[in-house]
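Geometric and topological summary
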Amino acid sequence: LTPELHVVTLADVEEGQYLDLSCQIVSMARVDEVCVLFQVWDGTKPAEPFRQADLETLSLDQRADLAQKVKGHLVDVFIYDNHVKAALKFKPGDFVKICNLHVPKFKPPDDAPDPSDGLVEFVLHKGTSFGRGLMALSADDPDLKDMKSTMKQVIETSNTAEESTSKQASKQPSRELLMADDVPPPLKRAKTLENSTANDDLQENLDSGAPEVDSNVQIGNSNVQKRNNKGTGKGSGVLQKDSIMQKDSNVQEGNSTTKGKDNIGKENSIVLESDSSVTKRKSTMQKKSRTFQKEDRAVQEKESVVQEGESNRRGGDSVVPAEGSLVG
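Since the structure is predicted, the reported quantities are computational estimates derived from the model, not experimental observations.

**Topic: the overall build of the protein chain**
- Of regular secondary structure, the protein chain possesses 8 helices and 8 strands.
- Residues classed as buried in the protein chain amount to 30% of the 328 residues present.
- In the protein chain, the share of contacts with a sequence separation of at least 24, taken over all contacts with a separation of at least 6, comes to 75%.
- Just so you have it, the protein chain exposes about 22300 Å², and 51% of that area is on carbon and sulfur atoms.

Structure (structure tokens):
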């Protein structure tokens, strides 16, 4: 019996049918010496669940851009025996007519791990009976024009979906921006408390007074008052705690003034220590000078006594008679 052939689309396929399928090759791979895999589509979705190849074990040659857009429209066609040589002459992207393609129920091996009930498979058996084989579609083939029109609609729909997804993704704020903007209130309160403590320290330092840095503190207070647009009246120029807490920038400037005050105080302390050391050194030198003066006076007194003794001795010698002058 000659099987009845129908030129149908994948959407019209039924189990046990033989058909001539006009399609486009999207991917292909050499399964083994007697089998080649074609992944094809014709612009329609398969009506029957079908056997799929284990792609992990295959080296797949494909049109990757097209494969992404036509997911859900592809079927796996297994080409056997004498048709392998002809199949390897095609490449992904080519349009082909698979003549006398069989759609039997798939019978998995006895040791198959997963059940395959209800699946069909697309098989081009060996032989050339009933025109069985592969044929490249010419540009003027009447089936090609209608098929390309259907394929174009599928690709346009896929492109529109991709653009919509891309726009939605671009409108969503990134996680990094959300995390940066979402500052927990407890951190803010902790910061305010820290600034408040700094303000208390600032007031204590200002009230205690330090003559050597009063002018700097007053300048800092004046700057803070200008930022707050509030006058302090005739007071001492010391800012109130609640006024400083209203603006962190004013607090920071006050804190900076306090640091400046501390630095100046340290520098003045160093200068005072240096002056004290100089004073001590001067006092020591003065004591040594007085000691030297005392020693000089003592030496001078000794020299005077010696001179006086010499003078007396010389006077005594002048009154002693010369030897033999008293002998009569």
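**Observations concerning the side chain of Ser27**
- Position of Ser27 among the secondary structure elements: in strand S2 (residues 17-32).
- On the accessibility criterion, Ser27 (1% relative accessible area) is buried.
- In this structure the side chain of Ser27 is engaged in a polar contact, spanning 3.0 Å, whose partner is the side chain of Gln62.
- Excluding residues within four positions of it along the chain, Ser27 makes contact with Leu37, Phe38, Gln39, Leu60, Asp61 and Gln62.

**Side note on the pairing of strand S3 (residues 35-41)**
- Burial of S3 is extensive: 7 of the 7 residues sit out of reach of the surface.
- Burial along S3 is two-sided: Cys35, Leu37, Gln39 and Trp41 and Val36, Phe38 and Val40, pointing in opposite directions, are all buried.
- Relative to S3, S2 is paired through 7 bridges, and the arrangement is antiparallel. Bridge assignment links Asp32 to a residue of S3, and that residue is Cys35.
- Between S2 and S3, which pair antiparallel one after the other, the connecting turn spans 2 residues.

**Some points on the packing of aromatic side chains**
- Scanning the entire structure with this criterion turns up 2 aromatic pairs.
- Measuring from centroid to centroid gives 6.4 Å for Phe38 and Phe90, while their planes differ by 80°, and the two rings are edge-to-face. Of this pair, Phe38 sits in strand S3 while Phe90 is found in the loop between helix H2 (84-87) and strand S6 (95-103), placing the two residues 52 residues apart along the sequence. The pair formed by Phe38 and Phe90 is uniform in burial state, with each residue classed as buried.
- An angle of 70° between the planes, with centres 6.1 Å apart, marks the rings of Phe50 and Phe122 as edge-to-face. One end of the pair, Phe50, is in the loop between S3 and strand S4 (61-62); the other, Phe122, is in strand S7 (residues 122-124), with 72 residues separating them in the sequence. Residue Phe50 shares its accessibility class with Phe122, and that shared class is buried.

**Notes on the pairing of strand S5 (residues 75-80)**
- Of all 6 residues making up S5, 5 are buried, and the element is well covered by its neighbours.
- Inspection of the sheet shows S3 paired to S5 by 6 bridges, in the antiparallel sense. Along S5, the bridge assignment pairs Phe38 with Val77.

**Description of the environment of Lys71**
- For Lys71, the position within the fold is in the loop between helix H1 (64-69) and S5.
- Classification of Lys71 by relative accessible area gives exposed; the value is 58%.
- C-alpha of Lys71 to C-alpha of Trp41: the two residues are 30 residues apart in sequence and 9.5 Å apart in space.

**Thoughts on the pattern of salt bridges**
- Going through the model one piece at a time under the given rule, you end up with 6 salt bridges.
- Here Glu33 ties to Arg30 by a salt bridge, and the two come within 3.5 Å at their closest N and O atoms.
- The exposure class of Arg30 is partly exposed, given its relative accessible area of 37%.

**Some details on the confidence of the model for the protein chain**
- In the predicted model, the protein chain carries a mean pLDDT of 74, and the fraction of residues at 70 or more is 56%.
- Between residues 187-194, whose pLDDT stays under 50, and residues either more than four places distant or in other chains, the model counts 3 contacts.
- Predicted confidence is poor over residues 230-244, with pLDDT under 50, and the contacts of this stretch with residues over four places away or in other chains come to 25 contacts.

**Section: the layout of surface pockets**
- Size it by volume and the second largest pocket reaches roughly 260 Å³.
- Together, 16 residues line the second largest pocket, and Gln39, Gln52, Leu55, Lys71 and Leu74 are the ones closest to its centre.
- For the lining of the second largest pocket, the residue count by class is 7 nonpolar, 7 polar and 2 charged.

**Things to note about the nonpolar core**
- Ranked by internal contacts, the top residues of the largest apolar core, which has 26 residues, are Phe38, Val40, Val77, Ile98, Phe122 and Leu134.
- Those elements that place two or more of their residues in this core are S2, S3, S5, H2, S6 and S7.
- Setting aside anything within four residues of it in sequence, one finds Phe122 in contact with Leu10, Val13, Phe50, Val75, Asp76, Val77, Phe78, Leu101, His102 and Val103.
- Counting 12 residues, the second largest nonpolar core, distinct from the first, contains Val70, Leu74, Leu137 and Val154.

Conventions and cut-offs
Residues numbered from 1 in each chain as written. Predicted model: local features only at pLDDT ≥ 70, side-chain atom pairs only at ≥ 80, totals over all residues. Heavy atoms only, no water. Helix = DSSP H or I, 4+ residues; strand = E, 2+ residues; numbered from the N terminus. Buried < 20%, exposed > 50% of the residue type's maximum accessible area, 1.4 Å probe, protein only. Contact = heavy atoms within 4.5 Å. Areas by Shrake-Rupley, 256 points an atom, 1.4 Å probe, with all protein chains shown as cover. Polar contact = N/O pair within 3.5 Å; in protein donor to acceptor, adjacent residues only side chain to side chain. Pairing = 2+ DSSP bridges. Phe/Tyr/Trp six-rings, centres within 6.5 Å; stacked < 30°, edge-to-face > 60°. Salt bridge = Lys/Arg side-chain N within 4 Å of Asp/Glu carboxyl O. pLDDT = per-residue confidence, 0-100. 1 Å grid on protein atoms, 1.4 Å probe; cavity = no way out; pocket = protein on both sides within 12 Å on 5 of 7 lines; lining within 4 Å. Points joined across faces, edges and corners; volume = space filled by probe spheres on them. Nonpolar A, V, L, I, M, F, W, Y, C, P; charged D, E, K, R; others polar. Core = buried A, V, L, I, M, F, W, Y, C linked by side-chain atoms within 4.5 Å.

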